[in-house]
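# Chains, contacts and geometry: an overview
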Amino acid sequence: MNRLFVAYKPSGVSSNFFLTKLKRKYKTKKAGFSGTLDPFAKGVLIIGMGSYTKLFRFLNKTPKVYRATLWLGAKSDSLDTEFIEDVEILKEFGESDILRVLKSLEGELEYEPPIFSAKRIDGQRAYDLARAGKEFTLNKINSTIYNTKLISYCHPFVTFEASVSEGTYIRSLGLIIAKRLGLEYGSLSALERLSEGQFRYNNEESLDIKKSLNIQKNFYKGDADNLKYGRVLALKDLEIKDDGVYWLDSGSFISVINIADAEVNYELGRIEC
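Residues numbered from 1 in each chain as written. Predicted model: local features only at pLDDT ≥ 70, side-chain atom pairs only at ≥ 80, totals over all residues. Heavy atoms only, no water.

### With respect to the packing of aromatic side chains
The tally for this structure, following the rule as stated, stands at three aromatic pairs. Ring centres of F5 and Y26 lie 5.4 Å apart, and the angle between their planes is 55°; this geometry places the pair in the tilted category. Here F5, found in strand β1 (residues 3-9), pairs with Y26, found in helix α1 (residues 15-26); they are 21 residues apart in sequence, far enough to count as distant. Comparing F5 with Y26 shows no difference in burial state: the two are buried. Centre to centre, the rings of W71 and F157 are 5.5 Å apart; their planes meet at 40°, and the pair counts as tilted. With W71 in strand β4 (residues 64-72) and F157 in strand β11 (residues 157-164), this pair connects stretches of sequence that are 86 residues apart. In this structure W71 comes out as partly exposed when scored by relative accessible area, which is 21%. Accessibility expressed as a relative area gives 30% for F157, which makes it partly exposed. (Phe/Tyr/Trp six-rings, centres within 6.5 Å; stacked < 30°, edge-to-face > 60°. Helix = DSSP H or I, 4+ residues; strand = E, 2+ residues; numbered from the N terminus. Buried < 20%, exposed > 50% of the residue type's maximum accessible area, 1.4 Å probe, protein only.)

Now the structure itself:
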């Protein structure tokens, strides 16, 4: 089964556990997802089945849009509700202050990722080390925050949306918001991924792979059997000859090719569509 679709992961389960349920539902053994969601989070998860699992890196998945609720004054090492240790009672802020801080995030942002994250430290996941009580340091990372929007402020909860680059940690954004409001702590009480680039949840309907690729289409003018049987392609037979990665349409299947230094190589084998 070759299929690409958008699923909606509920909160409280891991992305891998959710994928296992989808494999059973669609009676397939080969499937994968792009862009892991923590068990705490819910929302859009791009699913590929069969040979479509090879295409994740060629999909248009940026920007990602999240909706989150920040609990001001809540202390948690995981920056969510899993490890709440203490809650500070706070005076209410003016909505203008919340808006000002949200807008201050927009642009390039350098920050520390959460210690409860999937980043690797000497081959181990940071969240495994954190759960074991081991001390470690994570390098700062950079993200682009394209846009932020205040959805509601019902003290002490701030619900906002953020359009961000891949690899952005929304839990860290929540802590930054709290600190820029002059607080020591803030943790997310809810997190939902609304979209990844052009991909939104639509009842798990199959997506047209040809409309989902984020690479340019090229055109092959040589013998069609060369594509059909995966033979070596000549640069002169391609319409676009510049270096880069392209996809070729052969009717019932596509091929992804890489042009570099006047040579044409298959980035992926033939994929039925």
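Right, picking up where we left off after that structure.
### Section: the sheet that holds strand β13 (residues 216-218)
Spatial strand order, β13-β14-β15-β16: four strands in an open sheet with mixed pairing. Of all the strands in the sheet, the pair left with one neighbour each is β13 and β16 (263-272). The mean inter-strand angle of the sheet, taken between neighbouring strand axes irrespective of direction, is 35°. As judged from the six bridges shared by strand β14 (residues 244-249) and strand β15 (residues 253-260), these two strands associate in the antiparallel manner. Across the sheet, G244 pairs through a bridge with I259, a residue of β15. (Pairing = 2+ DSSP bridges. Axes fitted to C-alpha atoms, helices over the stretch in contact; angles between N-to-C directions.)

### Focus: unusual backbone geometry
Backbone phi values are negative for most residues with the exception of glycine, while trans is the configuration of most peptide bonds. With an omega of 0°, the peptide bond running from T62 to P63 counts as cis. On the secondary structure map, P63 appears in the loop between β3 (42-49) and β4. With an omega of 10°, the peptide bond between H155 and P156 qualifies as cis. Inspection of the secondary structure puts P156 in the loop between β10 (141-154) and β11. Backbone geometry places K27, a non-glycine residue, at a positive phi of 55°. Tracing the backbone shows K27 in the loop between α1 and β2 (31-34). K27 gets classed as exposed once you look at its relative accessible area, which sits at 77%.

### Notes on the environment of K210
When you line up the elements, K210 lands in helix α5 (residues 209-212). You can call K210 partly exposed: its relative accessible area is 26%. Along the primary structure K210 and F253 are separated by 43 residues, whereas in three dimensions their C-alpha atoms are 9.8 Å apart. Excluding residues within four positions of it along the chain, K210 makes contact with W247, D249, G251, I254 and C273. Side-chain polar atoms of K210 contact the backbone oxygen of G251, separated by 3.2 Å. (Contact = heavy atoms within 4.5 Å. Polar contact = N/O pair within 3.5 Å; in protein donor to acceptor, adjacent residues only side chain to side chain.)

### Quick notes on the nonpolar core
Of all hydrophobic cores here, the largest spans 44 residues; its most connected members are I47, L72, F160 and I170. Among the elements that line this core, the one with the most residues is helix α4 (residues 170-180), at five residues. When residues no more than four places from it in sequence are discounted, the contact partners of L72 are E88, L90, F93, Y153, P156, V158, A178, L181, L183 and Y185. (Core = buried A, V, L, I, M, F, W, Y, C linked by side-chain atoms within 4.5 Å.)

### Quick notes on the environment of V245
As for its placement among the helices and strands, V245 is situated in strand β14. The class for V245 is partly exposed, based on a relative accessible area of 27%. Between the alpha carbons of V245 and Y266 there is a distance of 9.4 Å; along the sequence they are 21 residues apart. Every residue in contact with V245, bar those within four places of it in the chain, is listed here: F58, I215, Q216, V256, I257 and N258.

### Structural notes on the pairing of β4
Of all nine residues making up β4, seven are buried, and the element is well covered by its neighbours. Bridge count for β4 against β11 is eight bridges, and the pairing is antiparallel. In the sheet register, T69 faces β11, and the bridge partner there is T159.

### Some details on the pattern of salt bridges
Within this structure, the stated rule accounts for 14 salt bridges. In this structure, K25 and E204 form a salt bridge, with 2.9 Å as the shortest nitrogen-oxygen distance. One end of the pair, K25, is in helix α1; the other, E204, is in the loop between β12 (186-196) and α5, with 179 residues separating them in the sequence. Note that K217 is salt-bridged to D249, the shortest N-O span being 3.8 Å. Residue K217 is found in strand β13, and its partner D249 is found in strand β14; the two are separated by 32 residues along the sequence. (Salt bridge = Lys/Arg side-chain N within 4 Å of Asp/Glu carboxyl O.)

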